[in-house]
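# Observations on the model geometry
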Amino acid sequence: EAGVTQSPTHLIKTRGQQATLRCSPISGHTSVYWYQQALGLGLQFLLWYDEGEERNRGNFPPRFSGRQFPNYSSELNVNALELEDSALYLCAGEGGQPSYEQYFGPGTRLTVT
Amino acid sequence: DQQVKQNSPSLSVQEGRISILNCDYTNSMFDYFLWYKKYPAEGPTFLISISSIKDKNEDGRFTVFLNKSAKHLSLHIVPSQPGDSAVYFCAASAVDGGSQGNLIFGKGTKLSVKP
């Protein structure tokens, strides 16, 4: 069974540009969560998608957005990039009951210059 | 305001001995707790979880203990091995409508197991 995949592995953008990050959860997992890990900080919750709908978002500005596709894969978009957006972006899938564990992908390293 | 706290940023243990990693939480709505292990530039790897209806869960060398009255949980690794050296994150959530809901992570404890 394939694990959670994320693309690209690395992404280098300039301030003001837009970044698009992609995630495919494990087959059968319908919820996708996005987290940000900035340098020296812990993992901060960004967005949660379930069955194509945004269920919750963390304390991030609206320029962080995303969507979930019918096959449960997901896309995170970051508009008007700022230097402090440089971070490791992780996505996780979750299959719901009876097991609530979230399984993470390897992450996308976004660097904003 | 940190809802999940790991007060020890680092821990060093001798190979073969017990490693005990601690975690405290403040939100009484949390009902599911997880431990993850993370290597640099990789995604966290799920280790073990515990529901609030239990006070102990064991999986091989890993045991998680939950003390709800103290809002405290701990991860025991016995025996510790050099390959266990990594950053360990405690996470908590409040199950929401059949899904886990977003995880709230502690800042992690870096475990070093010395041969």
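Structure shown above.
Since the model is a prediction, treat every value here as computed from it, not as a measurement.

### A short note on the overall build of chain B
In terms of regular secondary structure, chain B is built from zero helices and eleven strands. Element order for chain B, N to C, with α for helix and β for strand: β-β-β-β-β-β-β-β-β-β-β. Here the C-alpha atoms of chain B give a radius of gyration of 14 Å, agreeing with the 13 Å that 2.2 N^0.38 yields for 115 residues. Counting only C-alpha atoms and orienting by the principal axes, one finds that chain B spans roughly 45 × 30 × 25 Å. In chain B, buried positions account for 45% of the 115 residues. When contacts within chain B are restricted to residue pairs at least 6 apart in sequence, those whose partners lie at least 24 apart make up 54%.

### With respect to the state of the cysteines
Residues and elements named next belong to chain A. Evaluation of the coordinates by the stated rule reveals two disulfides over all chains. Each sulfur in the disulfide pair C23 and C91 lies 1.8 Å from the other. Because the torsion about its S-S bond is 65 degrees, the bridge between C23 and C91 counts as right-handed. Linking C23 in strand β3 (residues 19-24) with C91 in strand β9 (residues 87-94), this pair joins segments that are 68 residues apart in sequence.

### Description of the interface of chain A and chain B
Tallying the contact residues gives 22 residues for chain A and 20 residues for chain B. When the buried area of chain A at its contact with chain B is split by residue, L43, Y100 and E101 of chain A rank highest and sum to 31% of it. On inspection of chain A and its partner chain B, the count reaches zero salt bridges. Taken together, the links from chain A to chain B amount to six residue pairs in polar contact (both at pLDDT 80 or more). At the level of secondary structure, the elements contributing two or more residues to the side of chain A that touches chain B comprise β4 (31-37), β5 (43-50), β6 (53-57), β9 and β10 (102-104) of chain A. Each residue belonging to the side of chain A that touches chain B can be placed in one class, and the counts come to eleven nonpolar, seven polar and four charged.

### Topic: the sheet that holds β3 of chain A
All names here are of chain A. Spatially, four strands are ordered β1-β3-β8-β7 in an open sheet, and the strand pairing comes out antiparallel. The sheet terminates laterally at β1 (5-7) and β7 (64-68), the two strands that pair on one side only. Each strand axis lies, on average, 15 degrees off the axis of its neighbour in the sheet, ignoring direction. Of the strand pairs in this sheet, β3 and strand β8 (residues 74-78) are connected by five bridges, and their pairing is antiparallel. Counted as the bridge partner of R22 is E75 from β8.

### As for the pairing of β5 of chain A
All names here are of chain A. Within β5, seven of the eight residues are buried, which leaves the element mostly enclosed by the surrounding structure. As paired elements, β4 and β5 share seven bridges and run antiparallel to each other. Along β5, the bridge assignment pairs Q36 with Q44. Hairpin connection between β4 and β5: a loop of five residues separates the two successive antiparallel strands, and G40 in this loop has a positive phi of roughly 80 degrees. Here β5 pairs with β6 via four bridges, running antiparallel. By the bridge assignment for β6, L47 is matched with R57. What sits between the antiparallel neighbours β5 and β6 is a turn of two residues, in which E51 has the positive phi angle 55 degrees.

Cut-offs and rules
- Residues numbered from 1 in each chain as written.
- Chains lettered and ligands numbered in written order.
- Predicted model: local features only at pLDDT ≥ 70, side-chain atom pairs only at ≥ 80, totals over all residues.
- Heavy atoms only, no water.
- Helix = DSSP H or I, 4+ residues; strand = E, 2+ residues; numbered from the N terminus.
- Rg over C-alpha atoms; globule rule 2.2 N^0.38 Å.
- Buried < 20%, exposed > 50% of the residue type's maximum accessible area, 1.4 Å probe, protein only.
- Contact = heavy atoms within 4.5 Å.
- Disulfide = S-S within 2.5 Å.
- Buried area = accessible area lost by both parts, 1.4 Å probe.
- Salt bridge = Lys/Arg side-chain N within 4 Å of Asp/Glu carboxyl O.
- Polar contact = N/O pair within 3.5 Å; in protein donor to acceptor, adjacent residues only side chain to side chain.
- Nonpolar A, V, L, I, M, F, W, Y, C, P; charged D, E, K, R; others polar.
- Pairing = 2+ DSSP bridges.
- Axes fitted to C-alpha atoms, helices over the stretch in contact; angles between N-to-C directions.

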